[in-house]
Amino acid sequence: MDIPSDTSGIAGSANDALGRKPIGWLESLNKIIGTLVEIPAALLVLAEVIVLLMGVTSRYVFHRPLIWSDELASVLFLWLAMLGSIVAFHRGQHMRMTAIVGKLEPRRRAFLDLVAIAAAIAFLTFVVHPAYEFAVDEVWVVTPAMGIVNSWRAAALPVGLGLMLLIGFIQIFRVGRLRDAMLAVVLVAAVICAMALAGPALKELGNWNLLIFFVFGVGAMVLLGLPIAFSFGLATLGYIALTTNTPSIVIVGRMDEGMSHLILLAVPLFVLLGLLIEMTGIARAMVNFLANLLGHVRGGLSYVLIGAMYLVSGISGSKAADMAAVAPALFPEMKKRGAKEGDLVALLSATGAQTETIPPSLVLITIGSATGVSIAALFTGGMLPGVVLAVTLGALVWWRYRGEDLSGVRRASRSEIAKSFLIAIPALALPVVIRAAVVEGVATATEVSTIGIVYAVIAGLFVYRQFDWKRIYPMLVDTASLSGAILFIIGAATGMAWALTQSGFSSELADAMKALPGGAPTFMALSVVAFIILGSVLEGIPAIVLLGPLLFPIARQVGIHEVHYAMVVTLAMGIGLFAPPFGVGYYAACAISRIHPDKGMKPILGYMVALFIGVVIVAVVPWISIGFL
């Protein structure tokens, strides 16, 4: 989850808290490197759109497929993932949980930010050389269509990790006093040395090491504010290096495997599409139509918010983009009607959780990539669960606003409703096109995202006449940054999941789950609780990559349909992601709304209960998820 902020992430908060003057040459070097990385990252996003559009056009228009288009897109994709990760690292936008760290006094928080950078430096230092070896070994692999050695693609790993390492050293000394920076480095080095000395003893513990590294280790690092990807990476590296004889290059190979699924190319494209629908006025056209239709009833604009998030989520795969597109159009009028700020941000956060299964959900795309479940089936199954949760939220809205004073509210005339509907038709058609194309097998999720981008550009230029060319470059960079952060987590989580599988833990977990009394209902109930917790601590995508390959086979064995299970765990993760005090999605909603998080703490409890009731209904009634497959 990318959280809009007025700071520059870790670096910004540390610099502000320490109150130190910037070092001129370091600031200049930092800006130069940032620019040199952002420009090619933005160009790679644009190049991916062009290459995929060429492939779609040649296949469906001229019926002469370009056999090299997917291969070129795959090569560029790994470079985009790594350069995007660098941009995210440079901006301090890698996903991390700051609910605990953020409550500390500024100086301590700043020091922990330095520790987080030092820990990232340690991970990058250990893996950059294995990444180079991995890229060198790929020289023996030749791509079938273009006939080039695979080292051109794999070189993205050592180059990306090396540049991140350089940026890490610049950041830690740029934002912290020399004494604090050195103390953070020494502290991290001391922990690493202590673990290395304990290596022989750890080998004797067997699978208890899984608890040490992947529960206590990852938990401590995440709670202390380390970026989730680096927490996963350090834990996996420590486990592999200290308790097994497996070389570190294997971790790099698993990261490459996790980030290289071509289906994940839909991630940056749908993120870009989400930014486009906000800029081009597509989202506002939807909101205006719904506001004219329902704005005159009690709680009407709250219903509009629920409906608008459902529709907009059918275009964008990014929840931050969805909320940023809807909230500014509705919140001013809702405040005029007397709505409290806390209730507004609480409902916005709740709708973020409600719409997690609405295609093209990035979580569903990740589930398809990690578990092999059909993307078309997931997209079909995701529609109705979102409606069920919308009904439970709507019931609570009706109760809370049953006494709303509408004396100053004018009801839109039929002609105004009809006019706003006509204006909204191009906008309303886009989510229908996206869902229908994937579900009917006309195009893949990646291809349809490219079609959606072209559609949004045409609609913005010629229908809504809202297209700010000056915003294109920042949008491309933002797309690369958010996508890089997501894909780097997927890579690190893939390595961690592989380590868990190789340890034999997956088979032991399967046996334990199958032996639980109560069978499928007990397994489903435990899964709901577990994914609410994981969604709160880890965010949805890393949790899915980590546990999806372990739990989905168990769900099949106990008789739960994989699409039904996917819907339930995705919605459960959504509750955790958007529930305070730990859910990072809640703070994203607060940042977008410009409302202090404390104001929404009490109102959101009712919405979370409504969402939980909806999840229980979806879990108990499989037809909701699989009735239309």
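All residue numbers here refer to positions counted from 1 along the written sequence of the relevant chain. It should be noted that, the model being predicted, local features are given only for residues of pLDDT at least 70 and side-chain atom pairs only at 80 or more, the latter also being counted only at that level, while totals for whole chains, interfaces and linings use all residues. Hydrogens are left out, water is left out, and the side-chain values use all remaining heavy atoms of the structure.

Enquirer: Honestly, the overall build of the chain in this entry has me stumped. Any pointers?
Expert: When helices and strands are counted, the chain shows 30 helices and zero strands. When we talk radius of gyration, it's over C-alpha atoms, and the globule rule is simply 2.2 Å times the number of residues to the 0.38. For the chain, the C-alpha radius of gyration of 24 Å lies close to 25 Å, the compact-globule estimate for 629 residues. Seen through its principal axes, the chain has C-alpha atoms that stretch 75 × 60 × 55 Å. Each residue is assigned to one of three classes by its accessible area relative to the maximum for its type, calculated with a 1.4 Å probe on protein chains only: buried under 20%, partly exposed between the two thresholds, exposed over 50%. Taken across its 629 residues, the chain has 57% of its residues classed as buried. Between two residues, a contact is recorded if the distance between any of their heavy atoms is within 4.5 Å. Residue pairs in contact within the chain that sit at least 24 positions apart in sequence constitute 83% of those at least 6 positions apart. Secondary structure elements are taken from DSSP: a helix is a run of H or I of four residues or more, a strand is a run of E of two residues or more, and numbering for both begins at the N terminus.

Enquirer: Got a minute to help me understand the pattern of salt bridges in this structure?
Expert: Any two side chains of opposite charge can pair if their charged atoms end up close together. Any Lys or Arg side-chain nitrogen found within 4 Å of a carboxyl oxygen on Asp or Glu counts as a salt bridge. Tallied over the entire structure, the rule returns 14 salt bridges. The salt bridge partner of Arg91 is Asp478, with a shortest N-O separation of 2.7 Å. Highlighted residues: Arg91 in helix α3 (residues 69–91) and Asp478 in helix α22 (residues 472–502), separated in sequence by 387 residues. Salt-bridge contacts for Glu341 lead to Lys599; the nearest nitrogen and oxygen are separated by 2.8 Å. Of this pair, Glu341 sits in helix α16 (residues 341–354) while Lys599 sits in helix α28 (residues 597–600), and the two are 258 residues apart along the sequence. If you follow the salt bridges from partner to partner, you end up with Glu38, Arg91 and Asp478 in one network.

Enquirer: What exactly am I supposed to notice about the nonpolar core here?
Expert: Across soluble globular proteins, you tend to see nonpolar side chains buried next to one another. The nonpolar core is taken to be a set of buried Ala, Val, Leu, Ile, Met, Phe, Trp, Tyr and Cys residues, with the residues joined through side-chain atoms within 4.5 Å. One finds Phe214, Ile282, Phe488, Phe531 and Tyr565 to be the most contacted residues of the largest nonpolar core, which totals 215 residues. Here this core gets 16 residues from one element, more than from any other, and that element is α22. Not counting chain neighbours up to four residues away, the residues in contact with Phe488 comprise Met82, Ser85, His94, Phe123, Leu161, Met164, Ala229, Phe230, Met255 and Met259.

Enquirer: I keep staring at the side chain of Ser302 and nothing clicks. Help me out?
Expert: As for its placement among the helices and strands, Ser302 is situated in helix α14 (residues 300–312). Residue classification places Ser302 among the buried positions, given a relative accessible area of 2%. For Ser302, the contacting residues outside a window of four places in its chain are Met334, Leu347, Val397 and Tyr401.

Enquirer: Hey, could you run me through the confidence of the model for the chain in this one?
Expert: Reading predicted coordinates in detail is not appropriate for stretches of low pLDDT. Summary statistics for the chain give a mean pLDDT of 85 and a share of 95% for residues scoring 70 or more. Confidence scores here are pLDDT values: one per residue, from the predictor, ranging 0 to 100. Low pLDDT, under 50, characterises residues 1–8; the stretch is placed with 22 contacts to residues that sit more than four places away or in other chains.

Enquirer: What is the right way to look at the environment of Arg153 in this model?
Expert: With respect to the element layout, Arg153 can be found in helix α5 (residues 151–154). Here the alpha-carbon distance between Arg153 and Arg59, two residues 94 residues apart in the chain, equals 25 Å. Those residues in contact with Arg153, other than ones at most four positions away along the chain, are Ser74, Val75, Leu78, Trp79, Glu138, Asp256 and Ser260. In protein, a polar contact means a hydrogen-donor-capable atom and an acceptor-capable atom, both N or O and within 3.5 Å, with residues adjacent in sequence counting only if both atoms are side-chain atoms; elsewhere, any N or O pair within 3.5 Å suffices. A polar atom in the side chain of Arg153 sits 2.8 Å from the side chain of Asp256.

Enquirer: Help me understand the packing of helix α4 (residues 106–137) against helix α7 (residues 178–197) in this model?
Expert: The description of two packed helices rests on the angle between their axes and on the distance between the axes. Where α4 meets α7, the closest approach of the two axes is 8 Å, and the angle between their N-to-C directions is 55°. When the axes of α4 and α7 are compared, the pair comes out oblique. As for how α4 packs across α7, the hand of that crossing is right-handed. Every residue of α7 that contacts α4 at Arg107, Phe111, Leu114, Val115, Ala118, Ala119, Ala122 and Phe126 is listed here: Arg179, Asp180, Ala181, Leu183, Ala184, Val185, Leu187, Val188 and Ile192. Only Asp, Glu, Lys and Arg are considered charged in this grouping, and only Ala, Val, Leu, Ile, Met, Phe, Trp, Tyr, Cys and Pro are considered nonpolar; every other residue, Gly among them, is considered polar. Across the contact of α4 with α7, the residue classes tally to 14 nonpolar, no polar and three charged. Every angle, taken between N-to-C directions, lies between 0 and 180 degrees, and every axis is a line fitted to C-alpha atoms, over only the stretch in contact when it is a helix. In these notes the angle categories are as follows: under 35 degrees is roughly parallel, over 145 is roughly antiparallel, 65 to 115 is roughly perpendicular, and the rest is oblique. Crossings are sorted by hand: turned counterclockwise from the far helix by less than a right angle, the near helix makes the crossing left-handed, and turned clockwise it makes it right-handed.

Enquirer: For this particular structure, what's the right way to read the packing of helix α15 (residues 319–336) against α16?
Expert: Axis separation between α15 and α16 bottoms out at 11 Å; the angle between their running directions is 150°. It follows from the interaxial angle that α15 and α16 lie roughly antiparallel. Two packed elements cross with a definite hand, and for α15 against α16 that hand is right-handed. Contacts between α15 and α16 pair Lys319, Met323, Ala327, Phe331, Met334 and Lys335 from the former with Glu341, Leu344, Val345, Leu348 and Gly352 from the latter.

Enquirer: Quick question: what am I supposed to make of the environment of Ser349 here?
Expert: Along the polypeptide, Ser349 turns up in helix α16. Classification of Ser349 by relative accessible area gives buried; the value is 0%. Considered as a pair, Ser349 and Ile375 are 26 residues apart in the sequence and their alpha carbons are 26 Å apart. Leaving out residues up to four positions away in the same chain, Ser349 has contacts with Phe578, Tyr586, Ala589 and Ile604.

Enquirer: How should the packing of aromatic side chains be read in this particular structure?
Expert: Aromatic rings in a pair are described by how distant their centres are and how their planes are angled relative to each other. Two rings belonging to Phe, Tyr or Trp (six-membered ring only in the last case) form a pair when the distance between their centres is within 6.5 Å. Interplanar angles under 30 degrees mark stacking, angles over 60 mark edge-to-face geometry, and anything in between is tilted. Enumeration according to the criterion identifies twelve aromatic pairs in this entry. Centre to centre, the rings of Phe89 and Phe230 are 5.6 Å apart; their planes meet at 50°, and the pair counts as tilted. Taken as a pair, Phe89 in helix α3 and Phe230 in helix α10 (residues 228–243) lie far apart in primary sequence, 141 residues in all. By the burial criterion, Phe89 is buried, and Phe230 matches it. When the ring of Phe552 is compared with that of Tyr565, the centres are 5.1 Å apart and the planes differ by 80°; the resulting orientation is edge-to-face. Taken together, the residues span a long stretch of sequence, with Phe552 in helix α25 (residues 540–557) and Tyr565 in helix α26 (residues 562–578) at a distance of 13 residues.

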